[in-house]
Amino acid sequence: MSSQEKTEVLNGAEQSLDREQRYDAQRIESKWHQRWQQQPELYRAEPPTSAGKKYYVLEMLPYPSGALHMGHVRNYSIGDALARYMWMKGHNVLHPMGWDAFGLPAENAALKNNRPPREWTLNNITNMKRQMNRLGFSYDWSTEVTTCLPDYYRWNQWFFLKFYERGLAYRRKSKVNWCPECATVLANEQVVNGCCWRHEETPVEQRDLEQWFLRITNYADELVRDLDKLEGWPEKVRTMQRNWIGRSEGAQVDFNVADSRGKITVFTTRIDTIFGATSIQLAPEHPVVSKLIANDPELLTRLDELVAEQRAARDAGALGEAEKHGFFTGRYAVNPFNNEKIPIWVANYILMEYGTGAIMSVPAHDERDYEFAKKYDIDVRIVILPRRHEQSEEKEPALPYTAMNSLLINSGEFSGLGNEEAIQRMTQFAEEKGFGKRKVTYRLRDWGISRQRYWGTPIPILYCDKCGIVPVPERDLPILLPENVEITQQGGSPLAKVPEFVNAKCPKCKGGARRETDTMDTFVDSSWYFYRYTDAKLATAALDSRAVEYWFPIDQYIGGVEHAILHLIYSRFWTKAMRDLGLIKNAEPVERLFTQGMVIKSGAKMSKSRGNTVSPDDMVSRYGADSTRVYSLFAAPPDRDLDWQENGVEGVSRFLAKVYRLVMKYAEFSSKAPSSPSAAARDLERKLHQTLRRVSTDFEGRWHFNTSIAAIMELVNAITAAEGQISSGGIPAKQVSSTLRTLVLMLAPFAPYMASELWQTLGERSQLLRESWPKFNPELAREEQVEIPIQINGKNRSRIVVPAGLDDEEVRTRATIDDKIRALLDGKEVVKVIVVPNKLVNIVAR
RNA sequence: GCCGGGAUGGCGAAACUGGCAGACGCAGCGGACUUAAAAUCCGCAGGGCUUAAAAGGCCUGUGGGGGUUCGAUUCCCCCUCCCGGCACCA
């Protein structure tokens, strides 16, 4: 380059500095926002016939509470980055969004503001959609799903009818969890520490009500087994579901009641200890108890007390804390294995809802039974010993001794067996003799879906005096939720007070009938909404099987871990039920699940009640959507909790401003690259490819976008540092400009507004989203020289610079002739030299 | 009690397979530019000791204690604290 040309380049730089504009996020973002609003097809997926490889990325749909919170922003920033990356990788991307729009807050708000829930909800949706669009999320709104609208919830009703036909939906009277605050029933999953999942301070009460249930327990076994296949799910979530389902293999054994024809069936996982059973323990609510003690008024009173006490403890969520106690019924049962008569007790630590509500008590080998037996002086009989005890039988193990891998003693013909084998043999024995059988028990209960609320899907059932329970015929769907219903939150289901709704004609006998006035749990809505996205406008069916087959399973689902049990287990159940209806082929809805961490501020989860929330609107108006999004990805890895620090957002904003300035400055340079690139030019090129490698592997692997963004910042720093070399001709301005071009592509998934603006500044007219993700060249990313430390006995003593990949022998030689090292080794004996290629040299010396 | 996850500078964090601890950012300090400030740019920065100061040198350091190894934030054992889930589930 001639000196005159150099001067021109410099002048060019000065000029572009002159017309440098400050990064104005609001200006850029409103410009592109307007543009994107006019291009609704921008984020639309190709139809299922498309040849491209599909990618379905889904974020959990929000409840339209009124405004987005930072947790949403984080969730959707992760999903949006991924969606945009996948687009740039050439995938056919489905990236939908919708609204989990039924639910109690709408009724509370209606009560407070005297506006209909529908209006309140739809207003909230408008506002939150505005926020999402302002944040620049790439949703295809043509597939939007709003669960409170009849074109969606009619299919809830349709599914319900299908489930009813197949016996998967049924009605029974049962004890239910009742939240006085919500004035409705809760599913087991919605009870947290004995309190309502929405009202953490409100204890749940037990009530007896006629309820509709979905038979999720039919799928209990498959739900557990398939967890093993969900390798793309966090182990934590799989464990939580496994525990929740609580599959436990064991046996049922019948004990005859002495002096009676009755029998008591117990469930045990440790039939190998049955010779150690010294009592039977019954749940206070066990139906047989009142029969056993029918002619003892005193005991009946004590029973009532015990039942009341257990219920109170259950209501208070303190079941595990109550001291164990109970009473002897005066009756005996016969152990079928040894015909021994053992006393029958009633105890507060036995739960009617698990197993058979009755156990054989083996104090020597069960912690709870031991505690109880000690209190009431019930026999403790040891029937298993640790294997090592074989020889020295006088020494007893510490009680209670519950370990497996032990040996049976005092157990008749089964003595001497290992307990694993004994379980098999003794269960078989019981089966052959007809007093017992193999049994698998689950903790999981059927899913109660009846809610005594207005703002939900009406359950499509009629009650006819003549015909009984009559399902609404399919052709009569949807059963519309009536408008203008008075919400009082008292006196049961609001719909029951709407005669036009309640009174109906029986489709069978044409006589009068009453409609079911309960509505469905809103978790029904979210159990299958992601299928609807694949053909959201379809009017003739819940879904189009071919579309589902193309798009499913969901490649990546992203949301909070708080849904690990409720939503994610219901969704899996619904998918299996849909498969059994022949609607779909996949057995699982979600291939990969990602659970992001919480957003924390000042050491606590952001929440209104703590008053430590940060408003996304506020952040966007102060720093812009790009800065808000980039910060939410930069501040912590997505799976960890994120501590919100506002000056961190400011830092990100500064970084974006720097990128903006650089691009403005170098956009139009096109001087030719010199024929033999300088070392500085090669360094910059290397840094670029290292950055590309970092960002690309983060997307493909562990999703640590914080390190991706840090790498891009490093590249920016490298460009700034290289600026001095431009005027001297060491680095062509053209190279800087093309480096920046690639940098803009890398920034596109994180800061779409800024990236689009700069793309245009760089003279590109194409749609950024349709550009290919830049490829890194491993050759160019490779370091040529490495500086490695030389250690003596593990301590850094010197450093040398060597060509990368230099032969170990040569590295060793160069290390040992280093001046500092030679001086330090003087008078010492070198025992060993370890050379770690390109990393370090460690000399072990004495 | 059981099952997960975590603890690294003043702060958020990085170190991916046992190999240079603290990348990147925030806050801080010093300097340049400016009448001044903002913005921007350059530089310093784990802690301690040594030194008049600096350069340099030395020691020490990833919650605590032990171990394996030439070498440990990383692997093993024990312990503490924090977060999440489950919790009389037979």
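Residues numbered from 1 in each chain as written. Chains lettered and ligands numbered in written order. Predicted model: local features only at pLDDT ≥ 70, side-chain atom pairs only at ≥ 80, totals over all residues. Heavy atoms only, no water.

Novice: I would appreciate a short explanation of the overall build of chain A in the present structure.
Specialist: Within chain A, the regular secondary structure consists of 26 helices and 34 strands. Here chain A, with 846 residues, has 55% of them falling under the buried criterion. A fraction of 72% describes how many contacts in chain A between residues 6 or more apart in sequence connect residues 24 or more apart. Put simply, chain A shows about 38,100 Å² of open surface, and 47% of that area lies on carbon and sulfur atoms. Averaging the positions of the 111 positive and the 110 negative side-chain charges in chain A gives two centres separated by 3 Å. (Helix = DSSP H or I, 4+ residues; strand = E, 2+ residues; numbered from the N terminus. Buried < 20%, exposed > 50% of the residue type's maximum accessible area, 1.4 Å probe, protein only. Contact = heavy atoms within 4.5 Å. Areas by Shrake-Rupley, 256 points an atom, 1.4 Å probe, with all protein chains shown as cover. Lys, Arg positive; Asp, Glu negative; His and termini not counted. Charge placed at Lys NZ, Arg CZ, Asp CG, Glu CD.)

Novice: Help me understand the packing of helix H18 (residues 625-634) against helix H23 (residues 752-761), please; the structure alone is not making it clear to me.
Specialist: A pair of packed helices is captured by two measures, namely the crossing angle of their axes and the spacing between those axes. Two elements in contact, H18 and H23, have axes separated by 7 Å at closest approach and are oriented at 125°. As summarised for this structure, H18 and H23 are arranged oblique, according to the angle between their axes. Taking contact as the criterion, the partners of Ala625, Asp626 and Arg629 in H18 are, on H23, Pro752, Tyr753 and Met754. A per-class count over the contact of H18 with H23 returns four nonpolar, no polar and two charged. (Axes fitted to C-alpha atoms, helices over the stretch in contact; angles between N-to-C directions. Parallel < 35°, antiparallel > 145°, perpendicular 65-115°, else oblique. Nonpolar A, V, L, I, M, F, W, Y, C, P; charged D, E, K, R; others polar.)

Novice: Which parts of the structure should I look at to understand the sheet that holds strand S29 (residues 604-605)?
Specialist: Neighbouring strands of a sheet are bound in pairs by backbone hydrogen bonds; such pairs are parallel or else antiparallel. Pairing is mixed across the open sheet formed by three strands, whose spatial order is S29-S28-S30. This sheet does not close on itself; its edge strands, each paired only once, are S29 and strand S30 (642-643). Bridging between strand S28 (residues 599-601) and S29 involves two bridges; their strand directions are antiparallel. Paired with lysine 601 across the bridge in S29 is alanine 604. (Pairing = 2+ DSSP bridges.)

Novice: Looking at this structure, I do not really get helix H21 (residues 705-727). What am I missing?
Specialist: If you check H21, its first and last C-alpha atoms are 34 Å apart, about what 23 residues at 1.5 Å a residue would give, namely 33 Å. Remark: the principal bend of H21, roughly 35°, maps to alanine 721. Phi for glycine 729, located one or two positions after H21, is positive at around 90°. (Expected span 1.5 Å × (residues − 1). Bend = angle between axes of the 7 residues up to and from the residue.)

Novice: Looking at this structure, I do not really get the nonpolar core. What am I missing?
Specialist: Note that soluble globular proteins tend to have their nonpolar side chains buried in a common cluster. Counting residues in each nonpolar core, the largest one holds 190 residues, and the members touching the most others are Phe159, Trp447, Phe530, Tyr557, Trp574, Trp644 and Phe750. Discounting chain neighbours no more than four positions away, the residues touching tryptophan 574 are Phe159, Phe163, Leu214, Trp447, Val524, Ser527 and Trp528. If you look at the next biggest cluster of nonpolar residues, it comprises 41 residues, including Ile271, Val288, Leu306 and Leu408. (Core = buried A, V, L, I, M, F, W, Y, C linked by side-chain atoms within 4.5 Å.)

Novice: What is the right way to look at the protein's contact with RNA strand B in this model?
Specialist: Lys324, Tyr354, Arg368, Arg443 and Arg694 are the nearest of the 53 residues found near RNA strand B. In the interface set of RNA strand B, defined as its atoms within 4 Å of the protein, sugar plus phosphate atoms amount to 65%. Threonine 269 has a polar backbone atom sitting 2.4 Å from a sugar or linking oxygen of RNA strand B. One of the backbone N or O atoms of tyrosine 349 is found 2.8 Å from a sugar or linking oxygen in RNA strand B. Only helix H8 (235-245), strand S11 (263-268), helix H19 (646-666), H21, strand S31 (785-792), strand S32 (795-803), strand S33 (830-836) and strand S34 (840-845) provide two or more residues apiece to the surface near RNA strand B. With seven residues, H21 is the largest single contributor of residues to the surface near RNA strand B. In terms of residue class, the surface near RNA strand B is built from 19 nonpolar, 15 polar and 19 charged. (Near = heavy atom within 4 Å. Polar contact = N/O pair within 3.5 Å; in protein donor to acceptor, adjacent residues only side chain to side chain.)

Novice: Please explain the domain arrangement of chain A as it appears in this structure.
Specialist: Reports often express the size of an interface as the amount of accessible area lost when the parts come together. Domain assignment breaks chain A into domain 1 (3-8 + 610-781), domain 2 (52-147 + 217-243 + 525-596), domain 3 (155-215 + 446-520), domain 4 (248-441) and domain 5 (785-845). The centre of domain 1, based on its C-alpha atoms, is set 37 Å off from the matching centre of domain 5. (Domains from an automatic or database assignment.)

Novice: How should I be thinking about the pairing of strand S9 (residues 205-214) in this particular structure?
Specialist: A regular strand places its side chains so that they alternate between the two faces of the sheet. Relative to S9, strand S5 (residues 169-179) is paired through ten bridges, and the arrangement is antiparallel. Across the sheet, tyrosine 170 pairs through a bridge with phenylalanine 213, a residue of S9. As judged from the two bridges shared by S9 and strand S19 (residues 447-448), these two strands associate in the antiparallel manner. Bridging from a neighbouring strand, phenylalanine 213 pairs with glycine 448 of S19.

Novice: For this particular structure, what's the right way to read the pattern of salt bridges?
Specialist: Close approach of charged atoms allows side chains of opposite charge to pair. Counted under the stated rule, the structure contains 54 salt bridges. Across the pair aspartate 683 and arginine 686 runs a salt bridge, and its minimum N-O distance is 2.8 Å. On the criterion of helical spacing, the pair formed by aspartate 683 and arginine 686 is a turn pair, its members being three residues apart in helix H20 (residues 679-700). Here arginine 686 ties to glutamate 783 by a salt bridge, and the two come within 3.9 Å at their closest N and O atoms. Remark: glutamate 783 occurs in the loop between helix H24 (778-781) and S31 and arginine 686 occurs in helix H20; sequence separation between them is 97 residues. Here arginine 686 falls in the buried class, since its relative accessible area comes to 8%. Salt bridges sharing partners connect three or more residues here, namely Glu222, Asp226, Lys229, Arg572, Lys576, Arg579, Asp580 and Glu588. (Salt bridge = Lys/Arg side-chain N within 4 Å of Asp/Glu carboxyl O.)

Novice: Teacher, can you tell me more about the environment of tryptophan 447 here?
Specialist: In this structure, tryptophan 447 sits in strand S19. According to the relative accessible area criterion, tryptophan 447 is buried, its value standing at 0%. Separated by 193 residues in the primary sequence, tryptophan 447 and arginine 640 have C-alpha atoms spaced 32 Å apart. Discounting chain neighbours no more than four positions away, the residues touching tryptophan 447 are Ala187, Trp212, Phe213, Leu214, Ile216, Asp521, Phe523, Val524, Ser527, Tyr570, Phe573 and Trp574. In this structure the side chain of tryptophan 447 is engaged in a polar contact, spanning 3.1 Å, whose partner is the side chain of aspartate 521.

Novice: I would appreciate a short explanation of the confidence of the model for chain A in the present structure.
Specialist: Mean pLDDT over chain A stands at 89; residues scoring 70 or higher make up 95%. Counted against residues more than four places away or in other chains, residues 1-20, with its pLDDT under 50, gives 14 contacts. (pLDDT = per-residue confidence, 0-100.)

Novice: What exactly am I supposed to notice about the sheet that holds strand S22 (residues 468-471) here?
Specialist: Taken in spatial order, the four strands make up an open sheet running S22-S21-S24-S23, and their pairing is antiparallel. Of all strands in the sheet, those with a lone pairing partner are S22 and strand S23 (503-505), marking the two edges. Pairwise comparison of adjacent strand axes, ignoring direction, gives a mean angle of 40° for this sheet. Pairing of S23 with strand S24 (residues 512-515) involves three bridges; the strand directions are antiparallel. The residue of S24 that forms the bridge with asparagine 503 is arginine 514.

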